[in-house]
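Here's the letter readout for the chains.
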Amino acid sequence: MTPEEYERWHVRDCARCGRRASKSVEWSDGPICRTCYERAMRVRGRCPGCRADRLLPGRDTAGTPICRDCAGIVRDFFCDRCGFEGLLLGGRLCERCTLADTLARHLDDGTGNVAPSLQPLVTTLLEMDRPKSRLIWLRNPNVVRLLRGLATGTIPLTHEGCAKRHPGEPLPTCATC
């Protein structure tokens, strides 16, 4: 695809922010850029149209957030695993279910389970707001090495163990605190 074809087929003025960008979705109010889409997927409350307390990704004619049903958005945003209505990532899973799977993979102690000593860390990370920020944090190879080392026991679960593993580097987290 040439740059001209990409521009013609994928780039639009966003109906929400007015910025010219790649279209993420096309909703009743027009083409929506990725930034506005992700912002819309974080708006929750009582829909003024149907009075339901839920995700409000749509907009009415006055620009007020409304639920997908009232906005005429046909796609649903319910997690296939837990049923939470929100931003879905790969496999139609919400951010929290995706984070749980990612943590389970990185903290596997070799038995197919999360190392028992790290279960409190998993619980804490899953209970925090904005699970997507934890997913971004888990893209850091130093964080992944540290967590895998802690899970398998090659890095002791102590301040000293974490400090010796990455001397001179700021620690991404301290699993013992």
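Remember, it's a predicted structure, so these values are computed and weren't measured experimentally. (Residues numbered from 1 in each chain as written. Predicted model: local features only at pLDDT ≥ 70, side-chain atom pairs only at ≥ 80, totals over all residues. Heavy atoms only, no water.)

Undergrad: Looking at this model, I keep getting lost on the sheet that holds strand β3 (residues 30-33). Mind explaining?
TA: Strands in a sheet are paired, the pairing made by backbone hydrogen bonds, and the direction either parallel or antiparallel. Read across the sheet, 3 strands follow the order β1-β2-β3 without closing on themselves; strand pairing throughout is antiparallel. With one partner strand each, in any of the chains shown, β1 (11-13) and β3 form the two edges of the open sheet. Each adjacent strand pair in this sheet contributes to an overall mean axis angle of 70°, direction not counted. The sheet contact formed by strand β2 (residues 20-27) and β3 spans 4 bridges and is antiparallel. Considered in β3, the bridge of V25 is made with I32. Those strands touched by helix α1 (residues 3-10) are β1 and β2, and its axis lies near 45° from that of β1. (Pairing = 2+ DSSP bridges. Helix = DSSP H or I, 4+ residues; strand = E, 2+ residues; numbered from the N terminus. Axes fitted to C-alpha atoms, helices over the stretch in contact; angles between N-to-C directions. Contact = heavy atoms within 4.5 Å.)

Undergrad: Explain the pattern of salt bridges to me, please; I cannot follow it from the model alone.
TA: It is possible for side chains of opposite charge to pair when their charged atoms get near one another. For the structure on display, the rule yields 12 salt bridges. A salt bridge links R42 to E95; the shortest N-O distance between them is 2.8 Å. Taken together, the residues span a long stretch of sequence, with R42 in the loop between α2 (34-40) and β4 (44-46) and E95 in helix α4 (residues 95-106) at a distance of 53 residues. D69 is the salt-bridge partner of R68, the closest N and O atoms lying 3.5 Å from each other. Residue classification places R68 among the buried positions, given a relative accessible area of 13%. (Salt bridge = Lys/Arg side-chain N within 4 Å of Asp/Glu carboxyl O. Buried < 20%, exposed > 50% of the residue type's maximum accessible area, 1.4 Å probe, protein only.)

Undergrad: Quick question: what am I supposed to make of α4 here?
TA: Count 3.6 residues to each turn of an α-helix, and residues three or four apart come out pointing the same way. Between its first and last C-alpha, α4 extends 16 Å over 12 residues, near the 16 Å set by a 1.5 Å rise per residue. Here α4 has its buried residues at E95, C97, T98, L99, T102, L103 and H106. Along its buried surface, α4 packs onto β8 (88-89), β9 (93-94), α5 (119-127), α6 (131-137) and α7 (141-152). (Expected span 1.5 Å × (residues − 1).)

Undergrad: Please explain the pairing of β2 as it appears in this structure.
TA: Taken residue by residue, a regular strand's side chains alternate between the two faces of the sheet. The pairing of β1 with β2 spans 3 bridges and is antiparallel. Opposite V11, over in β2, you have S22 as the bridge partner. Counted between consecutive antiparallel strands, the loop separating β1 from β2 contains 6 residues, among which G18 sits at a positive phi close to 80°. Connecting the antiparallel pair β2 and β3 is a turn made up of 2 residues.

Undergrad: Could you clarify how one ought to interpret the nonpolar core in this entry?
TA: Soluble globular proteins tend to bury their nonpolar side chains together. W27, I32, Y37, M41 and F77 are the most contacted members of the largest nonpolar core, which totals 19 residues. Mapped onto this core, the elements with two or more residues apiece are β2, β3 and α2. Residues within four places of Y37 in sequence aside, it is in contact with S24, V25, W27, I32, R75, F77 and L87. Counting residues in each nonpolar core, the second largest holds 18 residues, with L99, L103, V114 and L146 among its members. (Core = buried A, V, L, I, M, F, W, Y, C linked by side-chain atoms within 4.5 Å.)

Undergrad: I tried to follow the state of the cysteines on my own but got confused; where do I start?
TA: Disulfide: a covalent bond connecting the sulfur atoms of a pair of cysteines. Applying the stated criterion to the full structure yields 0 disulfides. With no disulfide of its own, C36 has C14 as its nearest cysteine by sulfur position, at a separation of 3.6 Å. Among the residues examined, C36 registers a relative accessible area of 5% and is labelled buried. Note on C94: no disulfide assigned, nearest cysteine sulfur contributed by C82 at a separation of 3.7 Å. (Disulfide = S-S within 2.5 Å.)

Undergrad: I tried to follow the packing of aromatic side chains on my own but got confused; where do I start?
TA: When we look at a pair of aromatic rings, we describe it by the centre distance and by the angle of the planes. This structure, assessed with the given rule, holds 2 aromatic pairs. Considering the side-chain rings of W27 and F77, the 6.2 Å spacing of their centres and the 75° angle between planes classify their relative orientation as edge-to-face. On the criterion of sequence distance, the pair formed by W27 in strand β2 and F77 in the loop between α3 (68-71) and β8 is long-range, its members being 50 residues apart. As far as the burial class goes, W27 and F77 line up, both buried. Among the aromatic residues, those joined into a cluster by ring pairs are W27, Y37 and F77. (Phe/Tyr/Trp six-rings, centres within 6.5 Å; stacked < 30°, edge-to-face > 60°.)

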